[in-house]
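# Structural overview
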Amino acid sequence: MITITGKATLTYDQPPRILEAASIVGQKEGDGPLSHLFDCIEPDPKFGKNTWEEAESELQLRTARKVLEKSGMTEEQIRYLFAGDLLGQSMATSFGLQPFEIPLFGLYGACSTAGEALALAAMTVAAGYADVVGAVTSSHFASAEKQFRFPLEYANQRPLCTTWTVTGAGAFVLGRDRYKTENRCKSGLEKEECTKTQGVQQKECKGEACCDVCITGITPGKIVDYGVRDSMNMGAAMAPAAAACIAAHLEDFSRSPSYYDKIITGDLGAVGREILIELLQQKNIDIGSCHTDCGLEIFDNERQGTGSGGSGCGCAAVTMSAHFLPMMRRGELKRVLFVPTGALLSKISFNEGENVPGIAHAVVLEVLENR
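The following paragraphs examine the structure supplied in this document.

This part covers the pairing of strand E9 (residues 168–175). When you tally the buried positions in E9, you get eight out of eight residues, the bulk of the element. Burial along E9 is two-sided: Gly 168, Gly 170, Phe 172 and Leu 174 and Ala 169, Ala 171, Val 173 and Gly 175, pointing in opposite directions, are all buried. Across eight bridges, the pairing between strand E3 (residues 17–26) and E9 is antiparallel. Bridged to Glu 20 within E9 is Val 173. Pairing geometry for strand E7 (residues 132–139) and E9, over eight bridges, is antiparallel. Bridge pairing links Thr 137 to Gly 170 in E9.

Taking 1.5 Å of rise per residue, the 20 residues of helix H6 (residues 234–253) would be expected to cover 28 Å, and the 29 Å separating its terminal C-alpha atoms lies within 8% of that figure. Counting buried positions along H6 gives 17 out of 20 residues, so the element sits mostly inside the fold. Of the residues trailing H6, Ser 254 is marked for its positive phi of about 55°.

Right, let's get into the pattern of salt bridges. Using the criterion set out here, one finds twelve salt bridges in the structure. Where Lys 49 meets Glu 58, a salt bridge forms, and the shortest distance between an N and an O atom there is 3.9 Å. Residue Lys 49 is classed as partly exposed on the basis of its relative accessible area, which comes to 37%. Exposure remark for Glu 58: the relative accessible area of 15% places this residue in the buried category. Glu 58 is the partner of Arg 62 in a salt bridge, and the nearest nitrogen-oxygen pair spans 3.0 Å. In this pair, Arg 62 and Glu 58 both sit in helix H2 (residues 52–71), four residues apart, roughly one turn of the helix. Given a relative accessible area of 23%, Arg 62 falls into the partly exposed group. One continuous salt-bridge network, built from bridges that share partners, spans Glu 20, Asp 39, Lys 70 and Arg 329.

In this section: the side chain of Thr 5. The residue Thr 5 is located in strand E1 (residues 2–5) in this model. Look at Thr 5 and you get buried, because its relative accessible area is 17%. Not counting residues within four places of it along the chain, the set of residues in contact with Thr 5 comprises Thr 11 and Asp 252.

What follows is about the layout of surface pockets. Its volume calculated, the largest pocket comes out at about 300 Å³. Every residue lining the largest pocket is counted, 18 residues in all, and those nearest its centre are Lys 222, Ala 244, Cys 245, Ala 247 and Ala 248. Broken down by element, the residue count for the lining of the largest pocket peaks at eight residues, all from H6. Of the residues belonging to the lining of the largest pocket, the class tally is eleven nonpolar, two polar and five charged.

Among soluble globular proteins, nonpolar side chains are generally buried collectively. With 52 residues, the main nonpolar core has Phe 172, Leu 174, Ile 215, Met 320, Phe 338 and Leu 365 as its most contacted residues. Per-element accounting of this core gives the leading share, ten residues, to helix H10 (residues 313–329). When neighbours within four sequence positions are excluded, Phe 338 is seen to be in contact with Leu 118, Ile 264, Cys 294, Ala 316, Met 320, His 361, Ala 362, Val 363 and Leu 365. Counting 36 residues, the second largest nonpolar core, distinct from the first, contains Ala 239, Leu 276, Leu 280 and Ile 287.

Once that is clear, we can look at the side chain of Ser 138. As for its placement among the helices and strands, Ser 138 is situated in strand E7. Only 2.9 Å separates the side chain of Ser 138 from the side chain of Glu 56, close enough to count as a polar contact. A polar contact of 2.7 Å, which involves the side chain of Ser 138, links it to the side chain of Gln 60. The residues touching Ser 138, leaving out its near neighbours within four places in the chain, are Glu 56, Gln 60, Gly 84, Asp 85, Leu 86, Ala 92, Gly 168, Ala 169, Cys 313 and Gly 314.

Procedures and definitions
Residues numbered from 1 in each chain as written. Predicted model: local features only at pLDDT ≥ 70, side-chain atom pairs only at ≥ 80, totals over all residues. Heavy atoms only, no water. Buried < 20%, exposed > 50% of the residue type's maximum accessible area, 1.4 Å probe, protein only. Helix = DSSP H or I, 4+ residues; strand = E, 2+ residues; numbered from the N terminus. Pairing = 2+ DSSP bridges. Expected span 1.5 Å × (residues − 1). Salt bridge = Lys/Arg side-chain N within 4 Å of Asp/Glu carboxyl O. Contact = heavy atoms within 4.5 Å. 1 Å grid on protein atoms, 1.4 Å probe; cavity = no way out; pocket = protein on both sides within 12 Å on 5 of 7 lines; lining within 4 Å. Points joined across faces, edges and corners; volume = space filled by probe spheres on them. Nonpolar A, V, L, I, M, F, W, Y, C, P; charged D, E, K, R; others polar. Core = buried A, V, L, I, M, F, W, Y, C linked by side-chain atoms within 4.5 Å. Polar contact = N/O pair within 3.5 Å; in protein donor to acceptor, adjacent residues only side chain to side chain.

Structural data, given as structure tokens:
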């Protein structure tokens, strides 16, 4: 049963479970602080393809296959897919997931798409419309730069406030019931060399006892426009939307930030995080002690030269699936508010001088210990 709470929030009496998750990233992400956690690190930025767009489609396809492999499920068991990317017409998703022949809901929430996909997938499962669904999102540094900024050959200098689009894809399988299979890996404690793809790293399942992670509620966000026009400063464009969504969520639930072990935004970076903290303090909400950002977790900004941090649809997806979700399954985190953030611009809107509105979606993740 789904319960409508407050102005925007939904809660679930029988919360959908995240049955499995997978992540594949590029070499730069693989050189970052989370390198030992990703399922695969691909050294070829083109993933064996001819164009950047084809590369992102291949990235998304491999990640979807990886989550099925880890879960021990077949394509036929997935009722629906919720997926998206940053490219025009969501072309990475359309070409990447076509081989599965699974009914697809193509999504666009900019870099918040991971939250949108998880929210809609959870609604579908909780309402009884499907037993098992998938959620997949991706981004690629080169395809995003080509579309929104400059081709790589231009070699322009990047402002320090700019975030670095993550080359990565995250995939999740959600269901109503627990599926126990020999292939299901949830610990994320070990890794080994993958024999299927040269240069790829893969986690090994050790079968440790762990906790089920459920989506117990969602608070969809609204479009927020503070008049930011600098397409190089995505953190400033998205932070107001993140602040509005977090404030609305806490009000709907009558909760304080201390209810959560972590409040995790998607890709605000260093600049956006500072703005977010200040905007919420103006509302007498202090999240400083429990907040972190996926864009800050995935790169070592000083060592890797990524400016303000990471961004892109893949940033929140791979950081959640590879880093925070295993922490919850090991019982290190009990309650998490996951708030992927997005900047709603296109190359047309930017060239026509429009503002860069932002949006964010909040997803409540809580653990249920296995009995």
